[in-house]
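Now for the letters of each chain:
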Amino acid sequence: MKSSRKDFIKTASLLGVGTMLSLNKLQANTQDKDFTLPPLGYSYNALEPFIDALTMEIHYTKHHQAYLNKMNELKGKDNTWWSYEMSLEQMLGQLNNVNAEVRTAVRNNLGGHWNHSFFWKLLKKDTKPNAITLTIFEKNFGSLDGFKAEFKKTALGVFGSGWAWVIKSGDTLKICSTANQDNPLMDVTSVQGKPILGLDVWEHAYYLKYHNKRTDYIDAFFNVLNWEQVAQHLQ
Ligand code: MN
């Protein structure tokens, strides 16, 4: 009697709001589902002529899907790195704790999944920065053109495959890049911060339309950068 009452009190005291949320998450995730593509939310030709429909289709259904296939394969072989209690962002922040044998594969494929999921939402035609976003970008980069120039320089400077980012670190926005499918959420990268926006500069993201002209692809990106999404990330 005494011990069950004690257990009850212990359990009740654990059921704070945070615990309730993580229990819900745990329950929601207990079915051992495969990773699947998140909805794109628009048609493959929605970003024409800046990003062509065929590139979008291949990028989403082949490249992004390939990272998911690898993750499902990995989870089948060794799921010690996987936790139902953690978000993908939390997992990316703890790659150093992942079994060394699968760490690189988790880094590349979980990174690839997160990066592409983040990227799709950042693409939309005909949006503009709202007043708050504009003020923040002007404060950090002098002007919107100043931001574009610095971001372009960084994106052009990525040697080989990788991503260019705007990250928030404290109250400051910074422009940086990562190699391969790394991102600033990872504990294994040299730059860390909250991603505000990012650009995939792997050749698969632009080669069909822009060939070797990454510079033209970056200019096109500024025409489809979804400032509504950027504003949400700044909150
Ligand atoms: Mn890509």
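This text follows the structure it describes.
Residues numbered from 1 in each chain as written. Predicted model: local features only at pLDDT ≥ 70, side-chain atom pairs only at ≥ 80, totals over all residues. Heavy atoms only, no water.

Participant: Would you explain the nonpolar core in this entry?
Facilitator: Among the nonpolar cores identified, the biggest contains 59 residues, and Phe 147, Phe 151 and Leu 197 are the most heavily contacted of them. When sequence neighbours within four positions are dropped, the list of residues in contact with Leu 197 reads Phe 118, Leu 122, Phe 137, Phe 147, Phe 151, Ala 164, Trp 165, Val 166, Phe 221, Leu 225 and Val 230. (Core = buried A, V, L, I, M, F, W, Y, C linked by side-chain atoms within 4.5 Å. Buried < 20%, exposed > 50% of the residue type's maximum accessible area, 1.4 Å probe, protein only. Contact = heavy atoms within 4.5 Å.)

Participant: Would you mind going over the coordination of the manganese ion with me for this structure?
Facilitator: By definition of the ideal shapes, a tetrahedral metal site with four donors has angles of 109.5 degrees and an octahedral site with six donors has angles of 90 or 180 degrees. At the metal site, the manganese ion is ligated by His 59 (NE2), His 116 (NE2), Asp 200 (OD) and His 204 (NE2), and these contacts range over 2.0 to 2.1 Å. Donor residues binding the manganese ion come from one chain and are separated in sequence as H-x56-H-x83-D-x3-H. Residue His 116 is found in helix H5 (residues 100-121), and its partner Asp 200 is found in strand E3 (residues 194-200); the two are separated by 84 residues along the sequence. For the pair His 116 and Asp 200, a shared accessibility class is recorded, and that class is buried. (Donors = N, O, S within 2.8 Å, 3.2 Å for Na, K, Ca; no water. Helix = DSSP H or I, 4+ residues; strand = E, 2+ residues; numbered from the N terminus.)

Participant: Would you mind going over unusual backbone geometry with me for this structure?
Facilitator: Peptide bonds are mostly trans, and most non-glycine residues show a negative phi. The linkage connecting Glu 48 with the following residue, Pro 49, adopts the cis geometry, with an omega of 0°. Notably, Asp 126 is not glycine yet its phi reads approximately 60°, a positive angle. Along the chain, Asp 126 turns up in the loop between H5 and helix H6 (131-141). Residue class for Asp 126 comes out exposed when judged on its relative accessible area of 74%.

Participant: Could you clarify how one ought to interpret the pattern of salt bridges in this entry?
Facilitator: Note on pairing: side chains with opposite charge can pair once their charged atoms come close. Per the stated rule, a full pass over the model turns up four salt bridges. The partner of Arg 107 in a salt bridge is Asp 182, and the shortest N-O contact between them spans 2.8 Å. Residue Arg 107 is found in helix H5, and its partner Asp 182 is found in the loop between strand E2 (172-179) and E3; the two are separated by 75 residues along the sequence. For Asp 182, a relative accessible area of 7% translates into the label buried. (Salt bridge = Lys/Arg side-chain N within 4 Å of Asp/Glu carboxyl O.)

Participant: Mind showing me how you'd approach the sheet that holds E3 here?
Facilitator: Strand order in the open sheet formed by three strands is E2-E1-E3, and the pairing between neighbours is antiparallel. At either end of the open sheet lies a strand with only one pairing partner, and these are E2 and E3. Taking the axes of each pair of neighbouring strands and ignoring which way they run, one obtains an average angle of 20° across the sheet. Sheet analysis places strand E1 (residues 162-169) next to E3, joined by six bridges and oriented antiparallel. Across the sheet, residue Trp 165 finds its bridge partner in E3, namely Gly 198. Its contacts with the sheet put H6 on E1, E2 and E3, and the angle it makes with E2 is roughly 75°. (Pairing = 2+ DSSP bridges. Axes fitted to C-alpha atoms, helices over the stretch in contact; angles between N-to-C directions.)

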